[in-house]
Amino acid sequence: MNNATWQYVLAHADDDVRQLALHPCKDKEVDMTMALQQIQGRQLARRKLPSWAATDGIVYPRHLSMEQCSSEATARYKARIVQQIADRSRFLDLTGGFGVDTAFLSDLFDSTVYVERQPDLCAIARANFATLGKNITTLCADGIDYLHQLQQHASLIFLDPARRDDHGGRTYGIGDCTPDVLPLLDELLQKADHLLLKLSPMLDWRKAVNDVGPQRVEQVHIVAVDGECKELLLLLSAEGSKAPRLICANDEQREEFALEIASSASQASITSFSSPASLSSYASLSSGFSLNGLFLYEPHAALMKGGMFGQLAERYGVAPLAPNSHLFLSLHPVPHFPGRSFRLTAVSTMNKQDLRRTVLPLKQANITVRNFPLSVAELRKRLKLGEGGGNYLFATTLATGEKVLLIGTPVSL
């Protein structure tokens, strides 16, 4: 950027980019395309990359690259994973992109190589690494071509395959991404002690583990930020682990589970503990049984994605409300449950008399739907409830098939 463009960016850092585009600067020295890209990138970085947004001189890529890059929170989480690796001499990021993950992981290694095939992203990353004081070698090349020619062994290789097809449509399966990692696994793990794969949070982790081969898996991480699943991470090695782990992390809340891996001569497969059959549950409950005063628990987003509900129930001594509700109950408070906790104050069926008595007086509520035929918007419209307030309403289905509304208030345990 020339000085005129940079000054324009600083002067309009908080302005609406769409409005600026409609009224371009009359100064011909201002590169409006670059200026708008920087203003939009800085505004997004305040939320996604706060430490970078606070650093003068950071250059931001086009909007799609900003949307696809890791957040600072998830990049720092990856660094926590990598700290467990004994040998941290050499790190390779073969799908460098904007360089967020490279920058945060590089501090843990003696040397770091960033590889990116798009020249504009490579130039931006090189400039930003210098601004951030990172000693990172940047190469504009195809990461897989670089892998094939690689002679020096690495401690860790990181791959974040692009999750879009040739037409720009989203893809989720490992084999549908670019590059397709599956046929490269043997080579990757011959040339590195560990491989860290970043995958779509939409992908089922059990399928992902089966696709890469359970015998290679050391850890599976489901990472959520602010209640939304952001990443699925697999840490792999040639030897794998005799006791691989599933870690479900939501901000600072982490829950770890052992994975049960079964191997046969023909195929290795992975299963999880998901059945609460060994628990005494509330399966026989109906709206005729008073739930008032009981404690209700909703696991955090990463645990919801992990689906280890049976183990979760056993670990915390809570009972599933119903097989598919993914809500749990207890007679007494359970401290440190990984998710949200509530004290139930009322239960209503969907008949008009019950609704008139228990729900309509609320005026407003925070609504969550679990195993229920109506969406939040549809239910809110039917109940004529405003958003917010101190009451929380869970619409769900009991094991008996009865549709109910559970009303409670949050508690800190």
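All values reported here derive from a predicted model rather than from experimental measurement.

The rules behind each value
Counting starts from 1 at the beginning of each chain's written sequence and moves along it residue by residue. Only residues with pLDDT of at least 70 are given local features in this predicted model, and only at 80 or more are side-chain atom pairs given and counted; all residues enter the totals for whole chains, interfaces and linings. Each side-chain value is worked out from all heavy atoms of the structure, with water and hydrogens disregarded. Values of pLDDT, which run from 0 to 100, indicate the predictor's confidence residue by residue. Any two residues having at least one pair of non-hydrogen atoms within 4.5 Å are treated as being in contact. Put simply, DSSP H or I for four residues or longer makes a helix, DSSP E for two residues or longer makes a strand, and each gets a number counted from the N terminus. Working definition: with a 1.4 Å probe on protein chains only, accessible area under 20% of the residue-type maximum means buried, over 50% means exposed, and in between means partly exposed. Nitrogen and oxygen atoms within 3.5 Å of one another constitute a polar contact, given that in protein one can donate a hydrogen and the other can accept it, and given that sequence-neighbouring residues count only through two side-chain atoms. Note on pairing: two strands pair once DSSP finds at least 2 bridges between them. Convention adopted: a line fitted to C-alpha atoms gives each axis, helices being fitted over their contacting stretch, and angles between N-to-C directions are expressed from 0 to 180 degrees.

**What about the confidence of the model for the protein?**
Thinking step 1. In this model, the protein carries an average pLDDT of 88, and 90% of its residues clear a pLDDT of 70 or more.
Thinking step 2. The low-confidence segment residues 263–268, where pLDDT is below 50, has six contacts with residues more than four positions distant or belonging to other chains.

**Notes on the side chain of S348**
Thinking step 1. Looking at where S348 falls in the secondary structure, it is placed in strand β15 (residues 339–349).
Thinking step 2. By relative accessible area, which is 1% here, S348 ends up buried.
Thinking step 3. For S348, the side chain forms a polar contact with the side chain of T358, separated by 3.2 Å.
Thinking step 4. Apart from the residues within four sequence positions on either side, S348 is in contact with D354, L355, T358, V359, K403, V404 and L405.

**Here we look at the sheet that holds strand β12 (residues 295–299)**
Thinking step 1. Read from one edge to the other, the open sheet built from seven strands follows the order β13-β14-β12-β15-β18-β17-β16, with strand pairing classed as mixed. The open sheet has two edge strands, β13 (319–320) and β16 (366–369), and neither has a second partner.
Thinking step 2. Note: strand β17 (residues 392–397) against strand β18 (residues 403–410), six bridges, orientation antiparallel. Bridge pairing in β18 places F394 opposite L406.
Thinking step 3. This element, helix α15 (residues 376–383), spans β16, β17 and β18 of the sheet and lies at about 130 degrees to β16.

**Some details on the sheet that holds strand β6 (residues 217–225)**
Thinking step 1. Spatially, β3-β2-β1-β4-β5-β7-β6-β8-β9 is the arrangement adopted by the nine strands of the open sheet, whose pairing is mixed. In the strand order of this sheet, the two ends are held by β3 (137–140) and β9 (253–258), each with one partner. For this sheet, the mean inter-axis angle between neighbouring strands, taken without regard to orientation, is 15 degrees.
Thinking step 2. Strand direction decides the pairing type here: strand β5 (residues 192–199) and strand β7 (residues 228–236), joined by five bridges, are antiparallel. Residue pairing for β7: L197 is matched across the bridge by L234.
Thinking step 3. Most of the contacts of helix α11 (residues 205–212) go to β7, to which it runs at about 25 degrees, and overall it touches β5, β6, β7 and β8 (245–250).

**Remarks on the environment of E72**
Thinking step 1. Inspection of the secondary structure assignment puts E72 in helix α6 (residues 72–82).
Thinking step 2. On a C-alpha basis, the gap between E72 and W6 in space is 24 Å, while along the polypeptide they are 66 residues apart.
Thinking step 3. Ignoring sequence-local partners within four residues, the contact set of E72 consists of K48, L49, P50, S51, W52 and F104.
Thinking step 4. Side-chain polar atoms of E72 contact the side chain of S51, separated by 2.9 Å.

**Considering the environment of L355**
Thinking step 1. On the secondary structure map, L355 appears in helix α14 (residues 352–358).
Thinking step 2. Measuring from C-alpha to C-alpha, the distance between L355 and N128 comes to 58 Å, with 227 residues separating the pair along the chain.
Thinking step 3. Here L355 is in contact with S348, T349, M350, L360, P361, L383 and L405, once residues within four sequence places are set aside.

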